[in-house]
Amino acid sequence: PRVHELKTKAAAQLKTAKDKEHPPPPPNNVAEPPSADRKDGVVYQVGKLLGKGGFAICYEGKAAGQSKRVALKIVKSQMPTKIEQKFQTELQIHSKMRHQNIVQFHRAFTFESCTYLVLELCPNGSLMDMVKRRKGLTEPEVRFYSVQIAGAIKYMHAKGIIHRDLKMGNIFLDKHMNAKIGDFGLAALLLTGKDMQVMRRTTLCGTPNYIAPEILEKGKKGHDHMVDIWSLGIIVFAMLTSKPPFQSSTTDEIYRRAKDRDYEWPSSETSQKYISQEAKDLVATMLQDADRRPDPDTIVAHPFFTSGYMPVAADINYKLRELAPE
Ligand code: ADP
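Residues numbered from 1 in each chain as written. Predicted model: local features only at pLDDT ≥ 70, side-chain atom pairs only at ≥ 80, totals over all residues. Heavy atoms only, no water.

**With respect to the side chain of Glu90**
- Position of Glu90 among the secondary structure elements: in helix 2 (residues 81–94).
- We classify Glu90 as buried; its relative accessible area is 2%.
- Among the polar contacts made by the side chain of Glu90, one reaches the side chain of Lys73 at a distance of 2.9 Å. (Helix = DSSP H or I, 4+ residues; strand = E, 2+ residues; numbered from the N terminus. Buried < 20%, exposed > 50% of the residue type's maximum accessible area, 1.4 Å probe, protein only. Polar contact = N/O pair within 3.5 Å; in protein donor to acceptor, adjacent residues only side chain to side chain.)

This is the structure we're talking about:
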């Protein structure tokens, strides 16, 4: 009993330490200060808690006098520099995105020492919640979500943005069960086109000894953005099987298995699930070395997408079926 007591005490301490990072629950009414486009400001009525992230908490909200509900993502303003910077990058990058499969950014403001992001509401949880509950999706569903995510990746890359943290827990479901990429906390700006030319000109004035060849080769793009295609490969595997391919008890082992491409599909004898050869082949192409990974257009042209049924819209009755007793 003594050990147990100590353990619960430690857990409680850990919890308070964590809660220190999170902002306190917001008041029932949050006022956005007046701004150029809204001279009288606006008051948000705060609804239920949606979830907690690393440092952010997320609540449902609604501007007074409007019926549209939004998500309010809240972070304390006075955070250690690193976290503050991460949040600033997130805000800057996310606010420039506009795509049907990316959580729409509406506005940002400060209220009572907290920064508020007003975001499109995704009321149906994350892809991870759904895949866990359903223990894997059907191939038509996987086609549907893969095309949506590939479309969002194509858009981000065309804008010179690498997401760098694509995972099922960062992909939310809107009211029609469409996938929306959220959380740009680790996203980065990719140097391309003009920036690259400027950088080439300036770096070439300096010492060439330290410059990587891909910077010098005109017109040759780096492969940094291909990290998002790798992540999509992992997501497709996980949507089909409900587990990521390299899952292990230690991080080192996950890295080792990823490096060796050491993964297995569930055998058709022990699991009831049939996974097509086309699906397996698609995943394998996305898990190749960076310079061989397909771009989003090549991905959606893969036979997996034409070898079977492709839904035009998500079946919103999923939710009802899931809630119904077996
Ligand atoms: P962090 O950047 O700290 O990881 P997240 O962006 O993951 O925070 O948000 C934390 C939680 O808030 C998520 O796990 C999710 O439950 C919820 N959430 C975030 N954005 C939305 C949204 N647009 N709609 C609904 N819920 C959201």
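**Concerning the confidence of the model for the chain**
- When pLDDT is averaged across the chain, the result is 84; 80% of the residues are at 70 or more.
- Every residue in residues 319–326 scores below 50 in pLDDT, and together they form five contacts with partners more than four places removed in sequence or on other chains.
- If you check the scores for this complex, the pTM reads 0.83 and the ipTM reads 0.96. (pLDDT = per-residue confidence, 0-100. Contact = heavy atoms within 4.5 Å.)

**Digging into the packing of aromatic side chains**
- Summed over all chains, the structure comprises ten aromatic pairs.
- Measuring from centroid to centroid gives 5.9 Å for Trp230 and Phe246, while their planes differ by 20°, and the two rings are stacked. Placement of Trp230 in helix 7 (residues 227–241) and of Phe246 in the loop between helix 7 and helix 8 (251–259) is noted, with a sequence separation of 16 residues between them.
- What makes Trp230 buried here is its relative accessible area of 18%.
- Relative accessible area serves as the criterion here: at 5%, Phe246 is assigned to the buried category.
- One aromatic cluster in this structure is built from Trp230, Phe237, Phe246, Tyr263 and Trp265. (Phe/Tyr/Trp six-rings, centres within 6.5 Å; stacked < 30°, edge-to-face > 60°.)

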